[in-house]
Amino acid sequence: MFAELFFQYLVAGLTYGAIYAIVAIGFNIIYNTTGIINFAQGEFVMLGGMTAVTLHERLRLPLPAAIAGAVLVTIGVGALIEVTFIRWLEKPSVLRMIVITIGVSILVREAALLLWGQDVRTLPYFTGDEVSSLSLLGARISPQVLWTLGTCAVAVAFLSAFFKFTMLGREMRACASNRDAAALCGLPTRNLVTLSFVLSAGIGALAGCVVCPITYTQYNVGTGLAIKGFTVAILGGLGDSVASIAAGLILGVVESFSVWVLPTAYKDAISISILLAILFLRPSGLFGARGAR
Amino acid sequence: MKSSSARYLQVSVFAAATVAVQLTAQVSGKAYFLTQLTMTAYATLVVVGLSLLMGYAGQISLGHAGFFALGGYTAAALTTWDLGPRRGQAIVAALARLHVLVLRPDPYGADVLTVHPWAAFACAVALTAAVAFVIGIPVLKLTGHYLAMATLGIGTILYSVALGTPSLGAADGISGVPPFQLVPGLQIGGSPSIRVQNYYLAWALVALSMLLLLNLIHSRVGRALRAIHAAEDAASAMGIDTARFKLRTFVLSAALAAVAGVFSTHFNGGIGPSEASIMKSVKYLAIVAVGGMGSLWGSLTASAVLNFLSLRGYFGSFDDAVFGGILILVMLFSPDGILELDLRAALRSLLRKPRPTGES
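Here the structure is a predicted model, which means the values were calculated and not measured. Each chain has its residues counted from 1, following the order in which its sequence is written. Just so you know, chain letters begin at A and ligand numbers begin at 1, following the order they were written in. Under the rules for a predicted model, residues below a pLDDT of 70 receive no local features and side-chain atom pairs below 80 are neither given nor counted, while totals for whole chains, interfaces and linings still include all residues.

### Some remarks on the overall build of chain B
No. 1: Secondary structure follows DSSP: runs of H or I at least 4 residues long count as helices, runs of E at least 2 residues long count as strands, and numbering of each begins at the N terminus. From N to C terminus, chain B includes 14 helices and six strands.
No. 2: The reference for a compact globule is 2.2 Å times residues^0.38; the radius of gyration itself is calculated from the C-alpha atoms. Taking 21 Å as the expected radius of gyration for a compact globule of 360 residues, we find that chain B reaches 22 Å, a close match to that expectation.
No. 3: Along the first, second and third principal axes, the C-alpha atoms of chain B reach 75 × 50 × 45 Å.
No. 4: The buried share of chain B, taken over its 360 residues, is 46%. With C-beta atoms placed from the backbone, a residue is buried if 20 or more other C-beta atoms are within 10 Å of its own, exposed if 12 or fewer are, and partly exposed between those counts.

### What to know about the overall build of chain A
No. 1: Within chain A, the secondary structure is distributed over 11 helices and two strands.
No. 2: Its C-alpha atoms give chain A a radius of gyration of 19 Å, near enough to 19 Å, the size a compact globule of 293 residues would have.
No. 3: The buried share among the 293 residues of chain A stands at 50%.
No. 4: For every residue pair, C-beta atoms are placed from the backbone, and the pair is scored as a contact if these atoms sit within 7 Å. Across chain A, the fraction of contacts at a sequence separation of at least 24, relative to all contacts at a separation of at least 6, is 76%.

### Concerning the interface of chain A and chain B
No. 1: Across the contact, 40 residues belong to chain A and 37 residues belong to chain B.
No. 2: For the side of chain A that touches chain B, the secondary structure elements donating two or more residues are helix 4 (94-116), helix 7 (179-184), helix 8 (189-215), helix 9 (221-236) and helix 11 (267-281) of chain A.
No. 3: Sort the elements by how many residues they give to the side of chain A that touches chain B and helix 4 of chain A lands first, with 12 residues.

### Things to note about helix 5 (residues 117-139) of chain B
Residues and elements named next belong to chain B.
No. 1: Working rule for helices: expected span equals 1.5 Å times residues minus one. Its 23 residues give helix 5 an end-to-end C-alpha distance of 31 Å, which sits within 8% of 33 Å, the value for a rise of 1.5 Å per residue.
No. 2: Among the residues of helix 5, P117, A120, F121, A124, V125, T128, A129, A132, I135, G136 and V139 are the ones counted as buried.
No. 3: On the buried face of helix 5, the contacting elements are helix 3 (64-80), strand 2 (111-115), helix 6 (144-164), strand 4 (180-183) and helix 10 (242-268).

### Regarding helix 11 of chain A
Since one α-helical turn is 3.6 residues long, residues separated by three or four positions face the same way.
No. 1: Helix length check: helix 11 of chain A, at 15 residues, gives a terminal C-alpha distance of 21 Å against a target of 21 Å (1.5 Å per residue), a fit within 8%.
No. 2: On its buried face, helix 11 of chain A is in contact with helix 9 and helix 10 (241-261) of chain A together with helix 6 of chain B.

### Side note on the environment of I37 of chain A
No. 1: As for its placement among the helices and strands, I37 of chain A is situated in the loop between helix 1 (2-34) and helix 2 (41-57).
No. 2: Given 24 C-beta atoms within 10 Å, I37 of chain A falls into the buried group.

### Focus on the confidence of the model for chain B
No. 1: For chain B, per-residue confidence averages 83 on the pLDDT scale, and residues scoring 70 or more make up 92% of the total.
No. 2: For this predicted complex, the interface score ipTM comes out at 0.80, while the overall pTM is 0.85. What pLDDT reports is the predictor's confidence in each residue, on a scale of 0 through 100.

### Observations concerning the nonpolar core
No. 1: Among buried residues, those of type Ala, Val, Leu, Ile, Met, Phe, Trp, Tyr and Cys that are joined through C-beta atoms within 7 Å form a set called a nonpolar core. The biggest cluster of nonpolar side chains holds 197 residues, and the ones touching the most others in it are A21 and V23 of chain A together with V46, A258, A289 and L327 of chain B.
No. 2: Broken down by element, this core gets its largest block of residues, 16 residues, from helix 2 (residues 33-56) of chain B.
No. 3: Leaving out residues up to four positions away in the same chain, A289 of chain B has contacts with V99 of chain A together with L327, V330 and M331 of chain B.

### Brief notes about the packing of helix 1 of chain A against helix 8 of chain A
Residue and element names in this part refer to chain A.
No. 1: Helix 8 packs onto helix 1 with a crossing angle of 170° between their chain directions and a minimal axis gap of 8 Å. With respect to helix 8, the element helix 1 is oriented roughly antiparallel. Residue-level inspection shows T15, I19, I22, V23, I25, G26, I29, I30, T33 and T34 of helix 1 in contact with helix 8, the latter providing L192, V193, S196, F197, L199, S200, I203, G204, A207, V211 and I214.
No. 2: Asp, Glu, Lys and Arg are counted as charged, while Ala, Val, Leu, Ile, Met, Phe, Trp, Tyr, Cys and Pro are counted as nonpolar; the rest, among them Gly, fall into the polar class. The class makeup of the residues in the contact of helix 1 with helix 8 is 14 nonpolar, seven polar and no charged. Note on geometry: axes are C-alpha line fits, over the in-contact stretch for helices, and angles between N-to-C directions span 0 to 180 degrees. Just so you know how the angles are binned, under 35 degrees is roughly parallel, over 145 roughly antiparallel, 65 to 115 roughly perpendicular, and the rest oblique.

### Brief notes about the packing of helix 3 of chain B against helix 11 (residues 278-291) of chain B
All names here are of chain B.
No. 1: It is at 7 Å that the axes of helix 3 and helix 11 come closest, and there the two elements cross at 115°. Between helix 3, through H64, A65 and G66, and helix 11, the contact on the second element is made entirely by K280, S281 and Y284.
No. 2: Split into classes, the residues belonging to the contact of helix 3 with helix 11 amount to two nonpolar, three polar and one charged.

### With respect to unusual backbone geometry
Residue and element names in this part refer to chain A.
No. 1: The phi torsion at R60 lies on the positive side, around 55°, for a residue other than glycine.
No. 2: Along the chain, R60 turns up in the loop between helix 2 and helix 3 (63-86).
No. 3: A positive phi angle, near 65°, is found at Y216, a position not held by glycine.
No. 4: Along the chain, Y216 falls in the loop between helix 8 and helix 9.

Below you can see the structure in the form of structure tokens.
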């Protein structure tokens, strides 16, 4: 009995951990090309989920088309945000960018509230329904959990391949490692920054669609996800996407087991305490070597 | 000497403006505006402290609503927690003999034994300052994104503790907080009969804090802070203990927020978890941004206008959106506050073709 319960918590933790990891990767993509932490990252996840629900329920699009549509819409929003608020700023200070992206996240959230109201929404399960489950080592696992973990794995593999093997991916990495040098080589650095917002919005939206059946979505879920995603990005060392996955899974599992000893209401406090402890004791992250500033 | 007389002149002008606003409200039959204006004063106290922290110590804080709530909740809990049943315990009896505990009637007529508001006030401010001190030592070593996220995290922790703790009233917060008798004849409370008194008490507190802060920034400490803000490494090389000055400013601004929290809790008769929310912290930040970081009078003016409009509900359901929009516009076009706005230059930079980012 104990082992089964243990495994059940583990799977729940891994599911949430995978989502945190994807949000963290979204942070990293933008951070790497611009040095900006986009505090509106969680809003992309929310937009993805909400748009997919609307496309699926209102426009009666089949699920895959609704998800593809949601990802495209969110990509559009991400590009729009970059072009409107960030593209034309000359070497903005960090403080200024923090405040601007916080402002953007509020505007997106309020627009979502206006558009969709306060209702909690959800997508249907991709396969089966709420009660269908697979049995694995004595624990009951919803197929949606496998969808979530699978999508995260595919997305990460796709991104790694993109950054490693395509010309565009290499250009973005060049922009990340030294923007001035990249510009001197004739790379369109401003467009690459826009592209980083597009990628980041797309992957966030995809994550939002996949978890939607398990966690549900609402206009205000973005902030919490952004904090968790950032925690994970820091845990792994800012900018390091592979480490984010490990860090995400660790945080998800720790959070999941924390419910055993402490009230659920304190779950967020636990993960933030971990974040603070990491920031204070090991600011370069669990796996990072670079000094954090 | 000259600059110190200028400071007293500024505070006098401010005092005159406070009186003028009260008289205008009275004459135009809108005396009920004074209630929101009083709450505005308490929010302003948080704002000026934050402005000092951001402008002079160069530290962002997204957790100041948390400090406000920590002060408010401590005062609320201590002044509503009935110790009557524990009267037998030695420590309770000793505190009662020292008049730290007072017997007062609760709304239902029964007598309750609670901590005296002054003692609760001292506890609340001391606790908040202590928390800010302990947190501040590691947090203020961080910069940029890390500092923003760490303070955001602290705000979130305080919020979720307030929201998740049943003895703090969970989602309902604490209500039934008694009025605060400062001295005989002066009382902080929400009853309409003492509205004018409360208005002046609150703004007098703001004026006093302004005087304190203005004197501070024109002192040796203030010069050190400005040096830190201009060039931290250079200041450090000149022998300024940068970490200590930053920490002190952080503790001072947290303590101001706690004072505001205590008084506003007595004024409103209670406090809820939304006071600790991130959105509240972001609003304080937005107002400081509008007024200009480090410009105390600018921040005060921005706070007086924006908080009053927000509390009166002029922004309706767009309240959060208005603050988000303000935050973006100010930061895009005039990051030093709207008083520093150079419209022509801003337009020029908007219309100018984007240059490649190579040069710097």
